[in-house]
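Remarks on the overall topology
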Amino acid sequence: MTFSPHNLPFFSLSFNLVVVALEEKIIVSKLGDNATLSCIYLGRDLHLKNLRVYWQIADDQEECSVVHALISGQDNESEQCIHFKNRTRLFWDRLENGDFSLLLLNVSQSDEHRYKCVVLQKTEYTRAIHQAEVVLSLAASYSQPILSGPVRNSDSTGEEVTFSCRSGNGYPKPNVYWINKTDNSHLLPSELKIIPDTNGTYSVFSTLKVKATSNMQIECSIENKILQENLSANYTQRKQSNGSSTESHKNLAKSGRGAQAAGIVSIVILIGLLAVLTCWLRKRRSSKLVSYAGNE
């Protein structure tokens, strides 16, 4: 019986084909990294010249589905998809031990597929001795979110204020949460934009409009489910007994500026006094010289 790489994912049971249990794994790789797709057979007495190993895309019916092929101990690139040319490697030192894992280089979003590994052995007849499926998911960490909050006066309680949160260089699309940390309640964003970047990652921008309170604690959280990452930024503003924290900061700034101005004025006055004293000493010295000259 002749096996075509194009129909290998769709084997039907026949007298010379043994259907084996299907191993399935999920691999998460970061964009641009190399990913290893696992396919390990635990049997013994393997001879490469009697083996055919096919790696294929199993989740769609594209014209080309061959990712990598090994026939009788040699790589066969005749039917390999052009997208995978020069990007796949087998681990040659592991093959005879039953490790048919595939190294996929420089992964991108277009590599997100369900892959199938089929190992055929030819002795008296050709039979499938091992199959495995690997789901490749791609991800990239988002940058630490930047949260901008309102600059308020002490009298702005009850007014509508706006927060903004941004992050970027992540994949796939994130979940964005706004949280009121005073009671851990979730707040609905006023705006949410997830923008694709030229390198295939995403940037996210969101705003939140709420009524100002005397004790605002707002959190913006960016969640990447695949990487199980949750990055957050916090905004806290408490109203103190002598006014809001914002006012306190303003007063401190004003005091600092006042002290700086006073220091500059003191220096100018000191320089002026030194100049006057220097002129007086010079005049006194000149008058003494004139007096000595008259006495002679």
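Residues numbered from 1 in each chain as written. Predicted model: local features only at pLDDT ≥ 70, side-chain atom pairs only at ≥ 80, totals over all residues. Heavy atoms only, no water.

Cut-off, in case you're wondering: UniProt positions are given in the numbering used here, feature names are shortened, and annotations may be inferred rather than shown by experiment.
Per an unreviewed UniProt entry, the protein chain is named ICOSL protein, and its organism is Pelecanoides urinatrix. Recorded in UniProt for the protein chain, the comment headed Subcellular location (unreviewed entry) runs: "Membrane".

Re the side chain of Ser38
Heads up, the condition is: Helix numbering and strand numbering both begin at the N terminus, where a helix is a DSSP run of H or I of at least 4 residues and a strand a DSSP run of E of at least 2. Throughout this description, a polar contact denotes any pair of N or O atoms lying within 3.5 Å of each other; where both atoms belong to protein, one of them has to be capable of donating a hydrogen while the other can accept it, and for residues adjacent in sequence the pair is counted only when both atoms sit in side chains.
Tracing the backbone shows Ser38 in the loop between strand 2 (35-37) and strand 3 (51-57). In this structure the side chain of Ser38 is engaged in a polar contact, spanning 3.3 Å, whose partner is the side chain of Lys25.

What to know about the packing of aromatic side chains
Note the threshold: The aromatic pairing rule takes the rings of Phe, Tyr and Trp, using the six-membered ring of Trp, and pairs them if the centres are within 6.5 Å, calling planes under 30 degrees apart stacked, those over 60 edge-to-face and the rest tilted. Any residue under 20% of the maximum accessible area for its type is buried, any over 50% is exposed, and the rest in between are partly exposed; the area is computed with a 1.4 Å probe on protein chains only.
Enumeration over the complete set of coordinates arrives at three aromatic pairs. With a centroid separation of 6.4 Å and an interplanar angle of 75°, the aromatic rings of Phe84 and Tyr115 are classed as edge-to-face. With Phe84 in the loop between strand 5 (74-75) and strand 6 (88-90) and Tyr115 in strand 8 (residues 114-122), the pair connects residues that are 31 residues apart, well separated along the chain. Assigned by exposure class, Phe84 and Tyr115 land together as buried. Ring geometry for Tyr171 against Tyr202: centres 5.9 Å apart, planes inclined by 10°, an arrangement best described as stacked. Taken together, the residues Tyr171 in the loop between strand 11 (160-170) and strand 12 (175-180) and Tyr202 in strand 15 (residues 202-211) connect sequence positions 31 residues apart. The same class applies to Tyr171 as to Tyr202, namely buried.

Let's talk about the state of the cysteines
Our working definition: What counts as a disulfide here is a pair of cysteine sulfur atoms lying within 2.5 Å.
Summed over all chains, the structure comprises three disulfides. Covalent S-S linkage joins Cys64 and Cys81, the inter-sulfur distance amounting to 2.1 Å. Taking the torsion about the sulfur-sulfur bond, which here is approximately -115°, the covalent link between Cys64 and Cys81 counts as left-handed. Taken together, the residues span a long stretch of sequence, with Cys64 in the loop between strand 3 and strand 4 (66-71) and Cys81 in the loop between strand 5 and strand 6 at a distance of 17 residues. Its relative accessible area of 26% is what places Cys64 among the partly exposed residues. There is a disulfide in this structure between Cys165 and Cys220, and the S-S distance comes to 2.0 Å. Across the S-S bond of Cys165 and Cys220 the torsion is about -80°, and the bridge reads as left-handed. Within this pair, whereas Cys165 is found in strand 11, its partner Cys220 is found in strand 16 (residues 215-224), the two being separated by 55 residues in sequence. Since its relative accessible area comes to 2%, Cys165 is described here as buried. With its disulfide-bonded cysteines labelled consecutively along the sequence, the protein chain is connected as 1-4, 2-3, 5-6.

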